[in-house]
Amino acid sequence: MTIHKINEQLASIENLVPHMKISFQEMTNDIFHNEDKIENHKIALAIAMYSNSQDCIDYHLEFLLQNNFTKKDFCELLKIVSYMGGGVGLASGLKALKVFDK
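Everything quoted here is computed from the prediction, not taken from an experiment.

Reading guide: rules and limits
- Residues numbered from 1 in each chain as written.
- Predicted model: local features only at pLDDT ≥ 70, side-chain atom pairs only at ≥ 80, totals over all residues.
- Heavy atoms only, no water.
- pLDDT = per-residue confidence, 0-100.
- Helix = DSSP H or I, 4+ residues; strand = E, 2+ residues; numbered from the N terminus.
- Salt bridge = Lys/Arg side-chain N within 4 Å of Asp/Glu carboxyl O.
- Buried < 20%, exposed > 50% of the residue type's maximum accessible area, 1.4 Å probe, protein only.

J.: Can you explain the confidence of the model for the chain? Please cite residues and give values.
T.: Taken over all residues, the pLDDT of the chain has a mean of 87, while the share at 70 or more is 97%. The spread of mean pLDDT over the elements of the chain runs between helix 1 (residues 3-12), the lowest at 75, and helix 3 (residues 37-51), the highest at 95.

Below, the structure written as structure tokens:
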């Protein structure tokens, strides 16, 4: 899922929760639009794999792939997620690993 799709979904509830979209966008900008953005996306990808959040996995992996994230880089991250998160993290990571075989 891209940030555009997330924003579209947030827009659909904007009338019910007026400040949610703005707050989410501000937080996103603060975290992912700075000099640490690559590392922050790696951390977010690890958390997404641990929590089995496919939309978040897709979003952060898409960004990292556009910024020279390699299969080797991914496997290093997968080792950490598997060690800390056990089977859930490993299963999510193995699904995401398939993107490198396309």
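J.: I'd like to hear about the pattern of salt bridges, residue by residue, with values.
T.: Inspection of the entire model under this criterion finds three salt bridges. Between Asp101 and Lys71 there is a salt bridge, with its nearest N and O atoms 3.2 Å apart. Pair noted here: Asp101 is in the segment after helix 5 (71-97) and Lys71 is in helix 5, with a separation of 30 residues, a long-range link. You can call Asp101 exposed: its relative accessible area is 58%. The shortest N-O distance in the salt bridge between Glu76 and Lys79 comes to 3.2 Å.

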